[in-house]
Each structure stands twice: as C-alpha cells, then as structure tokens.
Amino acid sequence: MRSYIGTHEALNTTEFEELALGFDDLPADSDTDAFQELFRGPLRPESRAERAARLDVAREMLAELREAGESGDEVAAWDALYADALTRTVPLLRVAAHSAGTFSGAGEAA
C-alpha cells in the first residue's frame, strides 16, 4: 500500500509525518517517541506512581517550552502546541484494550 500526501509519496513513517504535519526535520525516532510518550502516555499500562512522575515532568517541560516560545523561540512554541495536543489524546491501543475489557486502567485518566 502506498501513502501520498498531495503529490508526494511517503516512503516511511518519518516521511509521512513530515509531509502530513509540515515538519522539515523530525528528531531521531527515539527522541520523537520519547517526546510523544511523555505527553501522551505509554502504549502499555503504567502504575499510578509512574503516571504521576511522568505527568510532573510533562507539566514542567510544557511550562519551559511555553516560556521559551513566549521569549521568541518559534520551535519551542510549536513544540509546546504539539505537546499540549498530545496531552489530550488517548492511544488507540489503550482504547481498544479498554473496550475489550483487557485494560487494567492504570494509565487511564481519572
């Protein structure tokens, strides 16, 4: 199956994200995954303590990104918007597991 954004063919996931989201350069996959997991949450269940620690770090990083963005760092401002949007998403795997009754609920928002 081929994926096209406009007239451009995306050959891999990174190219698809770049074309779809308009990013010129994405960080290395591990950095992207870590950033997404920090704000969105992991694709696996997490304990209450892990979730609390992750959310504390995410809040601090989001505040720093917003501050840098307000100081004129355009990349930080865009990262803050992206991070904020990630905090309002629920990974599809978590939703599917919850719907099937196999999810423990440890990583689910209260």
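Starting from 1, residues in each chain are numbered consecutively following that chain's sequence as written. With pLDDT at 70 or above as the cut-off, local features in this predicted model cover only qualifying residues; side-chain atom pairs require 80 or more to be listed or tallied, and sums for whole chains, interfaces and linings still use all residues. For side-chain calculations, the full set of non-hydrogen atoms in the structure is used, while hydrogens and water are omitted.

## A short note on the packing of aromatic side chains
Applicable threshold: In this scheme Phe, Tyr and Trp rings, the latter by its six-membered ring, pair at centre separations within 6.5 Å, and the angle between planes marks the pair as stacked below 30 degrees, edge-to-face above 60, and tilted otherwise. Numbered from the N terminus, helices here are DSSP runs of H or I no shorter than four residues, and strands are runs of E no shorter than two. The rule is simple: take the accessible area with a 1.4 Å probe, protein chains only, and divide by the maximum for that residue type; under 20% is buried, over 50% is exposed, in between is partly exposed.
Under the criterion given, the structure shown has two aromatic pairs. For the ring pair Phe35 and Phe39, a centre distance of 5.0 Å and an interplane angle of 55° mean the geometry is tilted. Here Phe35 pairs with Phe39, and both are found in helix α2 (residues 29–40), just four residues apart, close to one helical turn. Phe39 matches Phe35 in its accessibility class, with the two residues each being buried. Aromatic rings pair up to connect Phe35, Phe39 and Tyr82 into one cluster.

## Quick notes on the packing of helix α3 (residues 48–70) against helix α4 (residues 74–86)
Operational definition: Here an axis means a line fitted to C-alpha atoms, over the contact stretch when the element is a helix, while the angle between two N-to-C directions is reported on a 0 to 180 degree scale. The handedness criterion is simple: a crossing whose near helix is rotated anticlockwise from the far helix by less than a right angle is left-handed, and one whose near helix is rotated clockwise is right-handed. In this analysis, two residues are considered to be in contact whenever any of their non-hydrogen atoms come within 4.5 Å of each other.
Where α3 contacts α4, the two axes come as close as 7 Å, and the packing angle between them is 145°. Crossing of α3 over α4 shows left-handed handedness. In contact with Leu62, Leu65, Arg66, Ala68 and Gly69 of α3, α4 contributes Ala76, Ala77, Asp79, Ala80, Ala83 and Asp84.

## Thoughts on a negative patch on the surface
Here is the rule: Patch membership needs two things, relative accessible area over 30% and no salt bridge, and members are linked within 9 Å if like-charged or within 5 Å if nonpolar (Val, Leu, Ile, Met, Phe, Trp, Tyr). Reported accessibility uses the Shrake-Rupley method at a 1.4 Å probe radius. Residues are deemed covered only where the shown protein chains occlude them. The salt bridge definition used is simple: a Lys or Arg side-chain nitrogen within 4 Å of an Asp or Glu carboxyl oxygen. When charges are tallied, Lys and Arg are placed among the positive residues and Asp and Glu among the negative ones, while His and the ends of the chain are skipped. Throughout, a charge is located at the NZ atom of Lys, the CZ atom of Arg, the CG atom of Asp or the CD atom of Glu.
A cluster of acidic residues, Glu60, Glu64, Glu67 and Glu70, forms a negative patch on the protein surface. Take Glu60: it is sitting in helix α3. The class for Glu60 is exposed, based on a relative accessible area of 53%.

## Remarks on the nonpolar core
Counted only if it meets this: Throughout, nonpolar core names a set of buried Ala, Val, Leu, Ile, Met, Phe, Trp, Tyr and Cys residues whose side chains join them through atoms within 4.5 Å.
Membership of the largest hydrophobic core is limited to ten residues, which are Phe35, Leu38, Phe39, Ala58, Leu62, Leu65, Ala76, Ala80, Ala83 and Leu86. Sorting the residues of this core by element identifies α2, α3 and α4 as the ones contributing at least two each. No other element matches the four residues that α4 contributes to this core. Sequence-distant contacts of Ala58, defined by excluding residues within four places in its chain, comprise Leu38 and Phe39.

## Description of the environment of Arg88
Rules: Counting of polar contacts relies on pairs of N or O atoms within 3.5 Å, with two restrictions inside protein: one atom must be capable of donating a hydrogen and the other of accepting it, and residues adjacent in sequence are counted only when both atoms are side-chain atoms.
Tracing the backbone shows Arg88 in the loop between α4 and α5 (92–99). Here Arg88 falls in the exposed class, since its relative accessible area comes to 60%. A polar contact is formed between the side chain of Arg88 and the side chain of Asp84, at a distance of 2.8 Å.

## Some words on the pattern of salt bridges
Counted under the stated rule, the structure contains four salt bridges. Note that Glu46 and Arg54 form a salt bridge whose closest N and O atoms lie 2.8 Å from each other. Per residue, the accessibility class of Glu46 equals that of Arg54, and both read buried. The partner of Arg66 in a salt bridge is Asp84, and the shortest N-O contact between them spans 3.3 Å. Taken as a pair, Arg66 in helix α3 and Asp84 in helix α4 lie far apart in primary sequence, 18 residues in all.

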